[in-house]
Every structure is written in C-alpha cells, then in structure tokens.
Amino acid sequence: MQSGLFSPNIPLVFDTAIDLNSAADAFTFAVPFKCRVARVGLTVLNDVAAAGVVKLDKIPKLGGTRGDGDVATLNLATTHTAGECVYKDPSTDVTLEPGDVVVVEVTDVTGAGDLARLFVI
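Procedures and definitions
- Residues numbered from 1 in each chain as written.
- Predicted model: local features only at pLDDT ≥ 70, side-chain atom pairs only at ≥ 80, totals over all residues.
- Heavy atoms only, no water.
- Helix = DSSP H or I, 4+ residues; strand = E, 2+ residues; numbered from the N terminus.
- Rg over C-alpha atoms; globule rule 2.2 N^0.38 Å.
- Buried < 20%, exposed > 50% of the residue type's maximum accessible area, 1.4 Å probe, protein only.
- Pairing = 2+ DSSP bridges.
- Axes fitted to C-alpha atoms, helices over the stretch in contact; angles between N-to-C directions.
- Core = buried A, V, L, I, M, F, W, Y, C linked by side-chain atoms within 4.5 Å.
- Contact = heavy atoms within 4.5 Å.
- Phe/Tyr/Trp six-rings, centres within 6.5 Å; stacked < 30°, edge-to-face > 60°.

Observations regarding the overall build of the chain
Each helix and strand counted, the chain has zero helices and ten strands in total. Listing every helix and strand of the chain by position from the N terminus yields β-β-β-β-β-β-β-β-β-β. Relative to the globule expectation of 14 Å for 121 residues, the C-alpha radius of gyration of the chain, 14 Å, shows essentially globular dimensions. Expressed as a percentage of its 121 residues, the buried residues of the chain come to 36%.

Structure (structure tokens):
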C-alpha cells in the first residue's frame with residue numbers, strides 16, 4: 001500500500017492462513033491509513049493441485065455497499081507449488097480510506113488442506 005504523496009510502498013503481510021478449500025469469507029481487516037493499492041497477492045503454503053479464486057471486497061467506512069472483488073480478484077491456476085506467489089497489480093487505481101474494511105473471500109475452492117497467506121502493497 002502506498003500512503004501519502006511521496007511515501008514508500010508499505011507492505012501489509014497477514015499471518016492468517018486462508019483456507020482455500022472453504023467458499024466463505026476468510027477474514028477481514030480495517031485499513032489504517034489512506035492508501036493506493038499497488039499489488040495484492042497470496043503466498044501458497046502447500047502444493048495446490050486445483051484452480052481457485054480469492055476476491056478482496058471493500059466495505060466503505062461510512063457503511064456503503066460491499067463490493068465484489070473491487071479491491072482485487074486473484075485467480076489461482078490449476079497447480080501451484082508451496083512457496084509460490086500469485087499476485088495482481090490493479091489495472092485501475094484502487095484507493096482505500098482509513099476505516100474502510102476489506103473482506104477476503106474465497107469464491108471458488110481448491111483441494112482439501114490448501115492454505116495461503118495474503119499480502120497487500
């Protein structure tokens with residue numbers, strides 16, 4: 001995430017393991033400062049042998065409508081090895097405000113026991 005006009009990129013790395021085999025909201029986090037999303041990614045924690053989709057939805061701080069992949073949508077290919085990163089750089093500016101909430105949602109599941117960790121720059 002990039003905060004301010006001339007600030008360096010600030011990575012947010014989450015310790016929560018996302019269960020890629022459960023179609024549900026994996027977790028949420030509140031945005032601590034105004035920022036522009038430069039990259040969103042997953043670090044795969046084990047070998048994954050099936051495709052999947054993880055979406056990051058924004059809920060505006062003032063109680064607006066929850067988006068659908070409006071921060072990012074990560075498509076996992078059929079296979080990934082442990083330690084591999086899957087990432088996406090937004091094609092349009094995505095700006096988050098302090099107090100916005102981002103929901104990490106698994107919409108298409110992979111196999112049993114598949115886990116990943118999220119990072120946002």
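So, the environment of Leu96
Within the fold, Leu96 resides in strand 8 (residues 95-96). In the structure, Leu96 is positioned 65 residues away from Val31 in sequence and 7.0 Å away in space, judged by C-alpha atoms.

Topic: the sheet that holds strand 9 (residues 101-108)
Taking strand neighbours across the sheet as the criterion, the four strands line up as 2-9-5-6 in an open arrangement whose pairing is antiparallel. Taken across any chain shown, the strands that pair with only one partner, and hence form the sheet edges, are strand 2 (25-30) and strand 6 (72-76). Sheet twist, expressed as the average angle between the axes of neighbouring strands with direction ignored, equals 15 degrees. One ladder, built from five bridges, connects strand 2 with strand 9; its direction is antiparallel. Of the residues in strand 9, the one forming a bridge with Phe29 is Val102.

Looking at the nonpolar core
Leu56 and Leu118 are the most contacted members of the largest nonpolar core, which totals 28 residues. Residues contacting Leu56, with those up to four places away along its chain left out, are Val40, Gly69, Asp70, Val71, Ala72, Val102, Val103, Val104, Leu118 and Val120.

What about the packing of aromatic side chains?
Following the criterion strictly, the structure yields three aromatic pairs and no others. Seen from their ring centres, Phe14 and Phe27 are 5.5 Å apart, and the 55 degrees between their planes marks the pair as tilted. With Phe14 in strand 1 (residues 12-19) and Phe27 in strand 2, the pair connects residues that are 13 residues apart, well separated along the chain. With relative accessibility at 17%, the residue Phe14 sits in the buried group. Between the aromatic rings of Phe14 and Phe29, the centroid separation amounts to 4.5 Å while the plane-to-plane angle is 35 degrees, which identifies the pairing as tilted. Residue Phe14 is located in strand 1, and its partner Phe29 is located in strand 2; the two are separated by 15 residues in the primary sequence. No difference in accessibility class separates Phe14 from Phe29, as the two residues are buried. Through successive ring pairs, a cluster of aromatic residues spans Phe14, Phe27 and Phe29.

Considering the sheet that holds strand 7 (residues 85-88)
The strand order across the open sheet formed by four strands is 1-10-4-7, and the pairing between neighbours is antiparallel. Two strands bound the open sheet, and with one partner strand each, they are strand 1 and strand 7. Taking the axes of each pair of neighbouring strands and ignoring which way they run, one obtains an average angle of 20 degrees across the sheet. Judged from the five bridges that link them, strand 1 and strand 10 (residues 115-120) form a sheet pairing that is antiparallel. Across the sheet, Ala17 pairs through a bridge with Arg117, a residue of strand 10.

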